[in-house]
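Summary of structural features
What follows is each chain in one-letter form.
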Amino acid sequence: MAVFGFLKKKSAEMEENKNGDRGFLVFENTSEVIHAETLLKRGGWEIKVMGPPPEIRSGCDLVIEFPLIEELKITKTLQDAGIPPLQAVPVSSPLLEPVDLFQIKDFGSYLMVQAANMKLTVEKDSLTIVNISGGGCPDVPFLAEQMVGKLFHEAPSPREIGHTLCGYALQLAYEEMKRRCLQL
Amino acid sequence: MFAVIGTVPNPEFPMLAGRVTLENGDICIQGRRVTVKRGTPALLAAAIKAGETFSQEEPFGYLVGDIGRGDGSHKLYQYLVKDLKQANFHTIVFHYLQPHIGWHSRIQSVLQKLTPKPILIADAGFMYVAKMSGRSNAYDLFTPDMGELAFLADELAPHPFYTRGFLLHEENHVPDLIARAYAHGNAARYLLVKGRKDYFANQDGVQAIIDSPLEEAMEAIGGTGDTLTGIVAALIASGMEVGQAAILAARVNRLAGHYAQPTPGSQVSDLIKHIPQALEDMLKRQKEYHEQS
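1. Regarding the interface of chain B and chain A
By convention, interface size is frequently given as the accessible area that disappears when the constituent parts associate. Between chain B and chain A, the residue contacts involve 46 residues of the former and 45 residues of the latter. Here the residues of the side of chain B that touches chain A sort into 23 nonpolar, 16 polar and seven charged.

Listed below in structure tokens is the structure:
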């Protein structure tokens, strides 16, 4: 019995975690859900239309389950198509909010802004992006290659060329840096 | 021999498996060159540089181009599920890969059947998916930075982007965050936490703090965490015990940074070239210390 109890517990744990990398997109109405479903399937994303969990109290009676890690690219695609989701939340914990705290470090000639796991550093005088560090998704080295060494206002934004949640965190650091750079 | 599995930021880069060498500062695999800036190429370059001291054979790389779309990572996962069955690596490092729970489970079921079981190190995207899957305890070493430690400590967050504010990383909370990560089963057997101070920990708590030399600028430089993971992997693959390797690697990475005299605008390649000297100096200091005591 003890063995079966263990197996049952283990199986429940695996069940609990199997959707840990998925998210829900919440929309205003069913017509937007159908439009978004068509668009995202055409883009090659693995998505599924389903009923919302009880924690989600806004939007219509359908949500789209999507690969959470690609939230940045997917929400941008929907925004560009004129159907921005009301919310994008993790399936495992729909009440979680994106990080909204920034850590700032002033190195004298350089300023570093950190959002979640991503750090962006700018040389104050020239407003050149000199470094991007942190993060673990594969678009981080790509974003760094495209942004580092460029003037802040000439560099592409993470929202334009990023794909993942690390890219999204970098976008938040970028926006905060932009706000602060205007004050420099 | 040890293996490093990761991505390069070029969508045209094909999936390649083979020994990785370092030539004029670039990494080379199967006739292709990659400039070392950060990410998996920086990890590999640091591992090769550290291995030079021990005349260690170069790491075996599994690399693919991926810029965040996940297509390259998925191709690599597919290849690994078949190839790792025949592999015989002492140590395997999983690095910048697109997190995907289904693929992680398949890779894990292959790894679990290997005998002898390799030492498993996870960093970056693969550490994220190990935690998302609830399988952190299948790994021997995670190498998070402070932001990622807060994510490991948050039992609800599926990614660092969703880490709850009350856990957000402050240096003086590190022991509590480590304890919380272990309490919820979201840490590997050992943790090497990279930051202003580096912490080596296990489920009993912090075992060592490495805080000198301190170069404030290193926090801003992209890739300094990758170099630390590369150095520790090379040391473990040389036969060193995980704890000893982690503490030595942290000291070497900091010393190489110190030798580079960096500014926040320096690039990680400035640090990598100092790794052999830093490792040699640290080994000499260790030897002198043991002789005196």
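2. What about the sheet that holds strand β1 (residues 22-26) of chain A?
Residue and element names in this part refer to chain A. Read from one edge of the open sheet, four strands run β2-β3-β1-β4, paired in antiparallel fashion. Whereas interior strands pair on both sides, the edge strands pair on one side only; in this sheet they are β2 (48-50) and β4 (87-90). The mean inter-strand angle of the sheet, taken between neighbouring strand axes irrespective of direction, is 30°. One ladder, built from four bridges, connects β1 with β4; its direction is antiparallel.

3. Quick notes on helix α2 (residues 71-83) of chain B
All names here are of chain B. Taking 1.5 Å per residue as the helical rise, α2 with its 13 residues ought to reach 18 Å, and the 18 Å between its terminal C-alpha atoms agrees with that figure. Among the residues of α2, G72, S73, L76, Y77 and L80 are the ones counted as buried. Seen end-on, α2 carries its buried residues on one side only, within an arc spanning 135°. Here the buried face of α2 lies against β1 (2-8), β5 (60-65) and α3 (101-112).

4. Here we look at the pairing of strand β2 (residues 16-23) of chain B
The two faces of a sheet get side chains in turn, since along a regular strand they alternate between them. Residue and element names in this part refer to chain B. Bridging between β2 and β5 involves four bridges; their strand directions are antiparallel. Within β5, the residue paired with L16 across the bridge is L63. Both β2 and strand β3 (residues 26-29) contribute to a ladder of four bridges, which runs antiparallel. Each bridged residue has a counterpart across the sheet, and for L22 the counterpart in β3 is I27. Once β2 ends, the chain turns through two residues before running back antiparallel as β3, passing N24 with a positive phi of about 50°.

5. Quick notes on unusual backbone geometry
Omega for the peptide link from T115(B) to P116(B) comes to -5°, which places this bond in the cis form. Mapped onto the elements, P116(B) comes out in the loop between α3 and β7 (119-122). Residue P213(B) follows S212(B) across a cis peptide bond; omega there is -5°. By the secondary structure assignment, P213(B) is in the loop between β11 (205-210) and α7 (224-237). One non-glycine residue, L127(A), adopts positive backbone phi at about 55°. One can find L127(A) in the loop between β7 (118-123) and β8 (128-134). Note on L127(A): 18 C-beta atoms within 10 Å, which makes it partly exposed.

6. Structural notes on the domain arrangement of chain A
All names here are of chain A. We note that the domain assignment places domain 1 (14-90) and domain 2 (102-181) within chain A. Between the C-alpha centres of domain 1 and domain 2 there is a distance of 27 Å. With seven residues of domain 1 at the interface, the matching set in domain 2 holds nine residues. The class makeup of the residues in the side of domain 1 that touches domain 2 is three nonpolar, no polar and four charged.

7. Some details on the nonpolar core
Membership of the largest hydrophobic core comes to 150 residues, with the highest contact counts inside it found for L120(A), A169(A), I231(B) and A246(B). It is helix α8 (residues 242-260) of chain B that provides the largest number of residues to this core, a total of 11 residues. A domain split of this core shows at least three residues from each of domain 1 (14-90) and domain 2 (102-181) of chain A. Setting aside chain neighbours within four positions, we find L120(A) in contact with M112(A), V113(A), I129(A), I132(A), L170(A), A173(A), Y174(A) and M177(A).

8. A word on the environment of H100(B)
Position of H100(B) relative to the elements: it lies in the loop between β6 (91-94) and α3. Each C-alpha atom of the pair H100(B) and M132(B) lies 9.0 Å from the other, and the pair is 32 residues apart in sequence. Not counting chain neighbours up to four residues away, the residues in contact with H100(B) comprise D21(A), G70(B) and V129(B).

9. Points about the sheet that holds β3(B)
Residue and element names in this part refer to chain B. With mixed pairing, 11 strands are arranged side by side in an open sheet as β4-β3-β2-β5-β1-β6-β7-β8-β9-β10-β11. Lying at the two open borders of the sheet, with one neighbouring strand each, are β4 (32-35) and β11. By the bridge criterion, five bridges tie strand β10 (residues 198-202) to β11 in an arrangement that is antiparallel. Bridged to A201 within β11 is V206. This element, helix α1 (residues 39-52), spans β1, β2, β3, β4, β5 and β6 of the sheet and lies at about 150° to β1.

10. Re the pairing of strand β3 (residues 63-67) of chain A
Residue and element names in this part refer to chain A. When you tally the buried positions in β3, you get four out of five residues, the bulk of the element. Both β1 and β3 contribute to a ladder of five bridges, which runs antiparallel. The residue of β3 that forms the bridge with R22 is P67. Here three bridges tie β2 to β3, and the two strands are oriented antiparallel to one another. Note that in β3 the partner of K48 across the bridge is E65.

11. As for the packing of α1(B) against helix α10 (residues 275-292) of chain B
All names here are of chain B. Running from amino to carboxyl end, α1 crosses α10 at an angle of 45°, the nearest separation of the two axes being 8 Å. Classed by the angle they form, the pair α1 and α10 counts as oblique. The handedness of the crossing between α1 and α10 comes out as right-handed. Residues A46, K49, A50 and E52 of α1 form the contact with α10, whose own contacting residues are I275, P276 and L279. Considering only residue class, the contact of α1 with α10 consists of five nonpolar, no polar and two charged.

What counts, and where the lines are drawn
- Residues numbered from 1 in each chain as written.
- Chains lettered and ligands numbered in written order.
- Predicted model: local features only at pLDDT ≥ 70, side-chain atom pairs only at ≥ 80, totals over all residues.
- Contact = placed C-beta atoms within 7 Å.
- Nonpolar A, V, L, I, M, F, W, Y, C, P; charged D, E, K, R; others polar.
- Pairing = 2+ DSSP bridges.
- Helix = DSSP H or I, 4+ residues; strand = E, 2+ residues; numbered from the N terminus.
- Axes fitted to C-alpha atoms, helices over the stretch in contact; angles between N-to-C directions.
- Expected span 1.5 Å × (residues − 1).
- Buried ≥ 20, exposed ≤ 12 C-beta atoms within 10 Å, placed from the backbone.
- Arc of directions from axis to C-beta.
- Domains from an automatic or database assignment.
- Core = buried A, V, L, I, M, F, W, Y, C linked by C-beta atoms within 7 Å.
- Parallel < 35°, antiparallel > 145°, perpendicular 65-115°, else oblique.
- Left-handed = near helix turned anticlockwise from the far one by under 90°.

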